[in-house]
Amino acid sequence: MGINNRPLSQAAYERACQVIPGGVNSPVRALRSVGTTPIIVDNAQGAYFTDIDGNKFIDFCMSWGVFILGHRNPEVTTAAIQAVLKGSSFGIPTEAETILAEKVRQAFPSMERLRFVNSGTEATMSAIRVARGYTGRDILVKFEGNYHGHADHLLVAAGSGVANISNASSAGVPADFVKHTVVLPYNDTQALRDYFDKNGDKVAALILEPVACNMGVVNPDEDFLKATREVTAQHGAVLIFDEVITGFRLAFGGAQQRFGIKPDMTTVGKIVGGGYPAAAFGGKAEIMKCLAPDGPVYQAGTLSGNPVAMAAGIATLNILDNPQIYADLERRSDNFIARLQKIIDGKGIQLNRCGTMFTLFFNDLPVRNFQDTKRSDQERFARYFRNMLSRGIYVSPSQFEGNFISVCHTDEVLEKVLRAVEESI
Ligand SMILES: *Cc1c(COP(=O)(O)O)cnc(C)c1O
């Protein structure tokens, strides 16, 4: 098939490798774990992207969930262009920052005050610093398999057992930098309660993906999610929902709206910048007032609140502020997932899903935490990825990622995907 023939992508990749480590600016893009080489993209529209060889693919990765409205939404694109024409950065406040902040707060009432940064990494890093400044405590608790960006103290391995102070999972992170990071197993309510019973009064913050999406999609048990709120409230620790991926996706107000739980702080990213570099962290006014210039916690950014990203974010949220959009997305996803389930039944595959996000795990058993995800057959996943690719469908290129349905994934597009899955597995 022509689509397997990508001579221009191959040449561009080899050239990139001479100047960029691994030829990519973010490791998963190299497609190594799925046994192939990068596709070099030229342009994208709606649910599709086209590579520089002229092959057109259905995109199920959607820039890791950024494009819930599809690629190159006309209103968002126009808003960004208009902003560019007025100047692309000032280092001086614009009204757009306040307008987008108000819109974010409308969706996430728990974010009484919020600040914009350029990436999800910066958002979680800053939120944790504020939480530590506010509580005067050092310990950060996170869950195995949850991803919160690549700040040193968050790159922590699956700890061996409950409440172990873990080692860094990346080279280049001194053990000292992660000695205040504690890792607990996801969905283990008892382990969470036990840890907080003993150490809760020393914990600055508990951070989690309320629906995990960076170990593949893993849903939280209801009692587990409730327990995160209870134990933090009991012990005066700050509860941070990292909604960088779930924000504006699982509902306009993210997982906290969907599950009816109010965290103390929240991070959003991906969708909020409408495809441009923007993310935000925020929470209770009392906590956020610790930030400079009001308080002693320093945080800053040359391009923070960038006017082009703000304009694209405003245009995006204005469209998404419409319950009908989420109802339609949910219904279309329900349909698709039900049919997908039928196709994979009896084939040793687990389908995890929350709203418009889903992952196929190549293993027979339910997947509830990081250890479970590791039982998935990586070789089989890689073959599935390549089979889908040769049929013109780009699924998220790792077992530990989600796939994302956008408003542009019409029934017709999804029909093509189902046929491809049937053939590919
Ligand atoms: C993507 C992601 C991040 C990191 O965001 P970047 O913009 O890549 O730095 C953090 N947390 C979660 C839950 C994410 O999905």
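Keep in mind that this is a model prediction, so the values were computed, not measured. (Residues numbered from 1 in each chain as written. Predicted model: local features only at pLDDT ≥ 70, side-chain atom pairs only at ≥ 80, totals over all residues. Heavy atoms only, no water.)

1. Concerning the overall build of the chain
Of the regular secondary structure elements, the chain holds 14 helices and 15 strands. At 21 Å, the chain has a C-alpha radius of gyration in line with the 22 Å of a compact globule built from 425 residues. Expressed as lengths along the three principal axes of its C-alpha atoms, the size of the chain is roughly 60 × 55 × 45 Å. Relative to its 425 residues, the chain shows a buried fraction of 57%. Of all intrachain contacts in the chain linking residues separated by at least 6 positions in sequence, the fraction that spans at least 24 positions is 70%. Only carbon and sulfur atoms are counted for the fraction: they give 51% of the accessible area of the chain, which is about 17,900 Å². (Helix = DSSP H or I, 4+ residues; strand = E, 2+ residues; numbered from the N terminus. Rg over C-alpha atoms; globule rule 2.2 N^0.38 Å. Buried < 20%, exposed > 50% of the residue type's maximum accessible area, 1.4 Å probe, protein only. Contact = heavy atoms within 4.5 Å. Areas by Shrake-Rupley, 256 points an atom, 1.4 Å probe, with all protein chains shown as cover.)

2. Observations concerning the pairing of strand β3 (residues 56–59)
Bridge count between strand β2 (residues 48–51) and β3: three bridges; the pairing is antiparallel. Each bridged residue has a counterpart across the sheet, and for Tyr48 the counterpart in β3 is Ile58. Here β2 folds back onto β3 in antiparallel fashion, the turn holding four residues, of which Gly54 has a positive phi close to 90°. Summarising the sheet, β3 and strand β14 (residues 393–394) pair through two bridges and their orientation is parallel. By the bridge assignment, Ile58 is partnered in β14 with Ile393. (Pairing = 2+ DSSP bridges.)

3. What about the side chain of Thr189?
Looking at the secondary structure, you find Thr189 in helix α6 (residues 189–199). With a relative accessible area of 13%, Thr189 lands in the buried category. In this structure Thr189 touches Asp223, Phe224 and Ala227, once residues within four positions along its chain are discounted.

4. A closer look at the domain arrangement of the chain
We note that the domain assignment places domain 1 (7–60 + 323–424) and domain 2 (74–320) within the chain. Just the C-alpha atoms count here: the centres of domain 1 and domain 2 sit 25 Å apart. Contact with domain 1, which involves 24 residues of that partner, is made by 24 residues of domain 2. Of the roughly 2,000 Å² buried at the junction of domain 1 and domain 2 (both faces included), carbon and sulfur atoms supply 56%. (Domains from an automatic or database assignment. Buried area = accessible area lost by both parts, 1.4 Å probe.)

5. A closer look at the site of the ligand
Around the ligand, a shell composed of Ser119, Gly120, Thr121, Tyr147, His148, Gly149, Glu209, Asn214, Asp242, Val244, Ile245 and Lys270 is seen. Residue Thr121 places a side-chain N or O atom 2.6 Å away from an oxygen atom belonging to the ligand. When isolated, the ligand has an accessible area of 380 Å², and the protein chains bury 82% of it. A breakdown of the residues in the shell around the ligand according to their chemical character gives three nonpolar, six polar and three charged. (Near = heavy atom within 4 Å. Polar contact = N/O pair within 3.5 Å; in protein donor to acceptor, adjacent residues only side chain to side chain. Nonpolar A, V, L, I, M, F, W, Y, C, P; charged D, E, K, R; others polar.)

6. Focus: the side chain of Asn369
Here Asn369 shows up in the loop between β13 (357–361) and α12 (370–373). From its side chain, Asn369 meets the backbone nitrogen of Gln371 in a polar contact 3.1 Å long. If near-sequence neighbours (up to four positions away) are discounted, Asn369 is found in contact with Tyr186, Met215 and Val218.

7. Observations concerning the pattern of salt bridges
In this structure the tally under the stated criterion is 13 salt bridges. Ionic pairing is found between Glu415 and Arg339, a salt bridge with its closest N-O pair at 2.8 Å. With Glu415 in helix α14 (residues 411–424) and Arg339 in helix α11 (residues 323–344), this pair connects stretches of sequence that are 76 residues apart. Since its relative accessible area comes to 28%, Glu415 is described here as partly exposed. Taking the shortest distance from any N to any O, the salt bridge between Asp372 and Arg375 comes out at 3.4 Å. It is possible to trace a salt-bridge network through shared partners that takes in Arg258, Glu330, Asp334 and Arg353. (Salt bridge = Lys/Arg side-chain N within 4 Å of Asp/Glu carboxyl O.)

8. Remarks on α6
Among all positions in α6, only Thr189, Ala191, Leu192, Tyr195, Phe196 and Asn199 are buried. Buried residues of α6 fall within an arc of 165° about the axis and therefore sit on the same side. Opposite the packed face of α6, turned more than 90 degrees from it, sit the exposed residues Asp197 and Lys198. Contacts from the buried residues of α6 go to β5 (139–143), β7 (181–184), β8 (203–208) and α7 (222–235). (Arc of directions from axis to C-beta.)

9. Concerning helix α1 (residues 7–17)
Of the residues making up α1, those classed as buried are Ser9, Tyr13 and Ala16. An end-on view of α1 places all buried positions within 60° of arc, on one side of the element. At its buried positions, α1 is contacted by β2.

10. A closer look at the confidence of the model for the chain
Low-pLDDT stretches of the model should not have their predicted coordinates read in fine detail. Confidence in the prediction of the chain, expressed as mean pLDDT, is 94, and 97% of residues score 70 or more. Scored below 50 in pLDDT, residues 157–166 shows 29 contacts in the model against residues more than four places distant or in partner chains. (pLDDT = per-residue confidence, 0-100.)

11. Let's talk about the nonpolar core
Considering soluble globular proteins, one finds that nonpolar side chains tend to be buried as a cluster. Counting residues in hydrophobic clusters, the biggest one holds 73 residues, and the most contacted among them are Phe60, Val104, Phe248, Leu320, Phe336, Leu340 and Tyr394. No other element matches helix α10 (residues 307–320), which puts 10 residues into this core. Counting only domains with at least three residues in this core, you end up with domain 1 (7–60 + 323–424) and domain 2 (74–320). Look past the residues within four positions of Leu340 in its chain and what remains in contact with it is Leu351, Phe358, Leu360, Leu418 and Val421. (Core = buried A, V, L, I, M, F, W, Y, C linked by side-chain atoms within 4.5 Å.)

12. Regarding the sheet that holds β14
Read from one edge of the open sheet, four strands run β1-β2-β3-β14, paired in mixed fashion. Edge positions in the open sheet fall to β1 (41–45) and β14, since each of these has one partner strand only.

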